[in-house]
Amino acid sequence: MSSDPASTSSLDTALLFDAVDLISRTGAHRHVDRTVPAPAREAGGIAMQVPEGQDIAVEAELESVVEGIYVHGTVTAHLDGECSRCLDPVEQDVTARLNELFMFPEKVKADEREDSTLLEDEAVNLGPLVRDALAMEADERPLCREDCPGLCGQCGFRMEDDPDHHHDVIDDRFAALQGLFEDESKNEEA
Ligand SMILES: [Zn+2]
Ligand SMILES: [Zn+2]
């Protein structure tokens, strides 16, 4: 009976809006408001994504125009990912604009179809639109803070934990070990 929200793996089905009532009624419009659970993270996708199952809130106006249905509105979501320097968790609140004209397929020439967004069976599919809008707003190189010192290039030590961390260049093979000894002696002093 109940549908598992986690099984909503695709925004394309969750954000499909029927526009039958608007077609051929130029000037007519309808407000839509829908919150859907985020699908599974795209492996190897962009750095900042909406965690699976978390809300993606879409609010838009569907407007009937001569060429098709014009959609404008916003999508709001909370993204998370990792700092591109130190791998600490990073969060980002995003509100992105939606702006798209869904054309009647019969009004688009065959050679222009690839570059056009088309109505599908008298419905507008906001899934791809929402995905692109979130990706556009997402930080490409997220940082936990502007001046994050990152990780030591030699041993991966979090530089934030000890800004004086460094390696006296003796031998690369011992560099990592030396870092460990330095930490231990510090703990003993404390
Ligand atoms: Zn960081
Ligand atoms: Zn180091």
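This write-up is about the structure you can find in this document. The structure displayed is predicted, hence computed values, not measured ones.

### A look at the overall build of the protein chain
Reasoning step 1: The number of helices and strands found in the protein chain is three helices and seven strands.
Reasoning step 2: When its helices and strands are written in sequence order, the protein chain yields α-β-β-β-β-β-β-β-α-α.
Reasoning step 3: Expressed as a percentage of the 190 residues in the protein chain, the buried residues total 18%.
Reasoning step 4: Here the contacts in the protein chain between residues at least 6 apart in sequence split such that 61% fall between residues at least 24 apart.

### Some remarks on the pairing of strand β4 (residues 68-82)
Reasoning step 1: Of the strand pairs in this sheet, strand β3 (residues 55-65) and β4 are connected by ten bridges, and their pairing is antiparallel. The residue bridging Val65 from the neighbouring strand is Gly68, located in β4.
Reasoning step 2: Between β3 and β4, which pair antiparallel in sequence order, lie two residues.
Reasoning step 3: Relative to strand β5 (residues 89-103), β4 runs antiparallel, the two sharing 15 bridges. Looking across to β5, one finds that Gly81 is bridged to Val90.
Reasoning step 4: The hairpin turn running from β4 into β5, its antiparallel successor, is six residues long, and Leu87 in that turn takes a positive phi close to 70 degrees.

### Quick word on the sheet that holds β3
Reasoning step 1: Taken together, five strands build an open sheet; the order of strands is β2-β3-β4-β5-β6 and the sheet is mixed. Two strands close off the open sheet at either side, each with one partner strand: β2 (29-37) and β6 (117-118).
Reasoning step 2: Examined bridge by bridge, β5 and β6 share two bridges and lie parallel to one another. From the neighbouring strand, Phe102 faces β6, where its bridge partner is Thr117.
Reasoning step 3: This element, helix α2 (residues 127-137), spans β3, β4 and β5 of the sheet and lies at about 135 degrees to β5.

### Quick look at α2
Reasoning step 1: The set of residues buried in α2 consists of Leu129, Val130, Arg131, Ala133 and Leu134.
Reasoning step 2: Lining the buried residues of α2 we find α1 (11-14), β3, β4 and β5.

### Let's talk about the environment of Val124
Reasoning step 1: On the secondary structure map, Val124 appears in strand β7 (residues 123-125).
Reasoning step 2: Judged by C-beta crowding, with 26 C-beta atoms within 10 Å, Val124 ranks as buried.
Reasoning step 3: Sequence separation between Val124 and Phe102 is 22 residues, and the spatial gap between their C-alpha atoms is 6.8 Å.
Reasoning step 4: What Val124 contacts, discounting residues up to four positions off in sequence, is Phe17, Ala19, Leu62, Ile69, Val71, Phe102 and Leu119.

So, how was this worked out
Residues numbered from 1 in each chain as written. Chains lettered and ligands numbered in written order. Predicted model: local features only at pLDDT ≥ 70, side-chain atom pairs only at ≥ 80, totals over all residues. Helix = DSSP H or I, 4+ residues; strand = E, 2+ residues; numbered from the N terminus. Buried ≥ 20, exposed ≤ 12 C-beta atoms within 10 Å, placed from the backbone. Contact = placed C-beta atoms within 7 Å. Pairing = 2+ DSSP bridges. Axes fitted to C-alpha atoms, helices over the stretch in contact; angles between N-to-C directions.

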